[in-house]
Amino acid sequence: MPQLRLYNTLTRAKEDFVPFDAAKVRMYVCGPTVYDFAHIGNARPVIVFDTLYRLLRRLYGPEHVTYVRNITDVDDKINARAARDFPGQPLNEAIRRVTESTANQFMADAKALGCLEPTVQPRATDNIAEMIEIIQSLIDRGHAYVAAGEALFEVSTMPDYGRLSRRALEDQQAGARVAVEAHKRNPADFVLWKLSSENEPGWDSPWGRGRPGWHIECSAMSNRYLGETFDIHGGGLDLIFPHHENEIAQSRCAFGRDVMARVWMHNGFLQVEGEKMSKSLGNFITINELLNTEKFGGRKWPGEVLRLAMLRTHYRQPIDWTVKALEEAYYTLSTWNRIATGSNIRSAQPSEAMLSALTDDLNTAAAIAEMHGLARRAVGTDRPADAKHALAGNLALLGFTEWMSKVPFESKLRQELSANFDVQKIINARLDARKARNWSESDRIRDELAAMGVVLKDNKDGTTTWEIKR
Ligand code: AMP
Ligand code: ZN
């Protein structure tokens, strides 16, 4: 197996990946805040880290990899949504309804995108006691203080605060646009716990009835399920600061460790006209809309098509959102689908070039180029069966295991097919085989073409014509 190399945001370099314990590879990825449908920008980290999860399972064995992705079910946006959608209902009940239905929708979306379920999907509200414990430890160790009803992390107590985002503390102070809140010792100090008013959700704590700040939940859940230090922590680029910087500060200072996660990985943005797709800009398309309406390109898109469209670009590069990319991915997938038909996708093995591409910092763009090459070989004149099996194995490794029925071959493909693969040449090879009375070879060629959706008709005059099966 090739050595896995990953780009580490912490060092800004590609490094050999060496797990703390190869029998227990541990990855944490920040999950969704469940107040509304996830958009296709949110789908990117879900797909990227699922691909990494699958690769890690391949390299270390499925039972040796733990993948935790949290669900943020306590947030002021959730409270606002609950009040808006369920006016007059007790707040707790309204919040539960919002978070449950949104979390279920998110899991259904992730499944449609061909993603495996993470090993654990913990919810913030099930980990409040663990958060309180970490905050107490930070106070006890002199890294946090209580002021004006808030528990705050004191950044100046951590000499290398800002290492991940490479922001110097002085710059943050100088650049602070908002007036320094009077109760903070340093403008960069951040909230660990804040008091709740009567009509806000709250939990009892040593600092009064309140709720956690944004970052503490990930320190609590990663520690609970993976330990004080672990191998990989991931999320989108926008999480580097302040979220991940603050997670590191909390965990390292509470546990007295030099390392929270060894490798920090961040995916680039899905963009619309050069801008990050986001809820706040209003330039978003939900995963659900793409899958279940015909608003985009006049069809409902199978989740696997979005998956392939995303994986065509290396995970650290930005992607510009276009319907054209989906159309291309659709045709690619349906062609591969046909070619690989007949291979047992669960036992087929990926090619070496595929593993080399993926172990090179998850180079899915190179992986997909390899698959195009295999597809071309598999339908070329000598049609080696190994190319077809390797294509099937590669599809499985990238998470395309359920596409058989969902991405049907289309007659539109006829054009592409005759352009890419010389059908007549293949037919001639079969006619040669028939002339030589090599019936098994002749049948094999016919079956291969049938698998691609090309049906042959032997005419009385000795010619063979072909048509696309619908
Ligand atoms: P949020 O719910 O905004 O915290 O986002 C959930 C995850 O999606 C985080 O890992 C974000 O970094 C990621 N994310 C949000 N918007 C985009 C985008 N346009 N492109 C790629 N990733 C994104
Ligand atoms: Zn997080």
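All values derive from a computational prediction rather than experimental measurement. (Residues numbered from 1 in each chain as written. Chains lettered and ligands numbered in written order. Predicted model: local features only at pLDDT ≥ 70, side-chain atom pairs only at ≥ 80, totals over all residues. Heavy atoms only, no water.)

Quick look at the overall build of the protein now. Of the regular secondary structure elements, the protein holds 16 helices and 15 strands. For the protein, the C-alpha atoms occupy an extent of roughly 95 × 50 × 40 Å along the three principal directions. With 470 residues in all, the protein has 53% of them scored as buried. Of the contacts formed within the protein by residues at least 6 apart in sequence, a portion of 75% connects residues at least 24 apart. Just so you have it, the protein exposes about 20,800 Å², and 48% of that area is on carbon and sulfur atoms. (Helix = DSSP H or I, 4+ residues; strand = E, 2+ residues; numbered from the N terminus. Buried < 20%, exposed > 50% of the residue type's maximum accessible area, 1.4 Å probe, protein only. Contact = heavy atoms within 4.5 Å. Areas by Shrake-Rupley, 256 points an atom, 1.4 Å probe, with all protein chains shown as cover.)

Moving on, we get to the side chain of Asn79. Positionally, Asn79 belongs in helix H2 (residues 76-85). If we ignore the near neighbours within four places in the chain, the residues touching Asn79 are Leu91, Ile95, Pro201 and Arg211.

Those donors, Cys30 (SG), Cys218 (SG), His243 (NE2) and Glu247 (OE), are the protein atoms that reach the zinc ion (ligand 2), and they lie 2.0 to 2.3 Å from it. Classification of the site at the zinc ion (ligand 2) as irregular follows from its four donor atoms and the range of 76 to 129 degrees in their angles at the metal. (Donors = N, O, S within 2.8 Å, 3.2 Å for Na, K, Ca; no water. Tetrahedral: all angles 85-135°; square planar, octahedral: opposite > 155°, others 65-115°.)

What follows concerns the site of ligand 1. In the neighbourhood of ligand 1, 16 residues make up the surrounding shell, with Gly41, Gly236, Asp238, Leu270 and Met277 lying closest. Taking Asn42, its side chain carries an N or O atom lying 3.3 Å from an oxygen atom of ligand 1. Here a nitrogen atom of ligand 1 sits 2.8 Å away from a polar atom, N or O, in the main chain of Met277. Secondary structure elements with two or more residues in the shell around ligand 1: helix H1 (43-60) and strand S9 (230-236). (Near = heavy atom within 4 Å. Polar contact = N/O pair within 3.5 Å; in protein donor to acceptor, adjacent residues only side chain to side chain.)

Take the domain arrangement of the protein next. According to the domain assignment, the protein contains domain 1 (5-267), domain 2 (301-406) and domain 3 (414-468). With 13 residues of domain 2 in contact, the opposing surface of domain 3 contributes twelve residues. For the pair domain 2 and domain 3, the summed buried area comes to about 1,100 Å², and 59% of that belongs to carbon and sulfur atoms. Joining domain 2 to domain 3, the criterion identifies zero salt bridges. Taken together, domain 2 and domain 3 are joined by zero residue pairs in polar contact (both at pLDDT 80 or more). Put simply, the parts of the chain that give the side of domain 2 that touches domain 3 at least two residues each are helix H10 (323-340) and helix H12 (364-378). In terms of residue count, the dominant contributor to the side of domain 2 that touches domain 3 is H10 (four residues). (Domains from an automatic or database assignment. Buried area = accessible area lost by both parts, 1.4 Å probe. Salt bridge = Lys/Arg side-chain N within 4 Å of Asp/Glu carboxyl O.)

Inspection of the entire model under this criterion finds eight aromatic pairs. Relative to Tyr67, the ring of Tyr53 lies with its centre 4.9 Å away and its plane at 55 degrees, an arrangement referred to as tilted. With Tyr53 in helix H1 and Tyr67 in strand S4 (residues 65-69), the pair connects residues that are 14 residues apart, well separated along the chain. Judged by relative accessible area, which is 4%, Tyr53 ranks as buried. (Phe/Tyr/Trp six-rings, centres within 6.5 Å; stacked < 30°, edge-to-face > 60°.)

Strand order in the open sheet formed by four strands is S4-S3-S9-S10, and the pairing between neighbours is parallel. Unpaired on one side and paired on the other, S4 and strand S10 (261-267) mark the two borders of the sheet. Adjacent strand axes in the sheet meet at a mean angle of 20 degrees, parallel and antiparallel pairs treated alike. Judged from the five bridges that link them, strand S3 (residues 25-29) and S4 form a sheet pairing that is parallel. (Pairing = 2+ DSSP bridges. Axes fitted to C-alpha atoms, helices over the stretch in contact; angles between N-to-C directions.)

Further remarks concern the sheet that holds strand S12 (residues 275-276). Across the sheet, which stays open at both edges, the three strands sit in the order S12-S11-S13 with mixed pairing between neighbours. Each edge of the sheet is formed by a strand with only one pairing partner; in this case those strands are S12 and strand S13 (319-320). Where strand S11 (residues 270-272) and S12 come together, two bridges link them in antiparallel fashion. Bridged to Gln271 within S12 is Lys276.

Topologically, Thr9 is positioned in the loop between strand S1 (5-8) and strand S2 (13-16). Separated by 156 residues in sequence, Thr9 and Ser165 have C-alpha atoms that sit 8.3 Å apart.

Quick look at the packing of helix H11 (residues 352-359) against H12 now. At a minimum axis separation of 7 Å, H11 and H12 run at an interaxial angle of 165 degrees. As far as their axial angle goes, H12 and H11 are roughly antiparallel. Two packed elements cross with a definite hand, and for H11 against H12 that hand is right-handed. Of the residues in H12, those in contact with Ala353, Met354, Ala357 and Leu358 of H11 are Thr364, Ala366, Ala367, Glu370 and Met371. Considered class by class, the residues forming the contact of H11 with H12 number seven nonpolar, one polar and one charged. (Parallel < 35°, antiparallel > 145°, perpendicular 65-115°, else oblique. Left-handed = near helix turned anticlockwise from the far one by under 90°. Nonpolar A, V, L, I, M, F, W, Y, C, P; charged D, E, K, R; others polar.)

The next subject is the pairing of S1. For S1 and S2, the ladder comprises four bridges, and the chain directions are antiparallel. Bridge assignment links Asn8 to a residue of S2, and that residue is Ala13. Hairpin geometry of S1 and S2 is characterised by an intervening segment of four residues between the two adjacent antiparallel strands and by a positive phi of about 55 degrees at Arg12.

What follows concerns helix H4 (residues 128-140). Along its 13 residues, H4 runs 18 Å from first to last C-alpha, staying within 8% of the 18 Å computed at 1.5 Å per residue. Within the span of H4, buried status applies to Ile128, Met131, Ile132, Ile134, Ile135 and Leu138. Along the axis of H4, the buried residues cluster in a sector spanning 165 degrees; they form a single face. Looking at H4, the residues exposed on the side facing more than 90 degrees away from the buried face are Ala129, Glu133 and Asp140. Residues of H4 that are buried in the fold lie against strand S5 (144-147), strand S6 (150-153), strand S7 (190-195), strand S8 (210-212), helix H6 (216-226) and helix H7 (240-255). Following H4 by one or two positions, Gly142 has its phi on the positive side, about 80 degrees. (Expected span 1.5 Å × (residues − 1). Arc of directions from axis to C-beta.)

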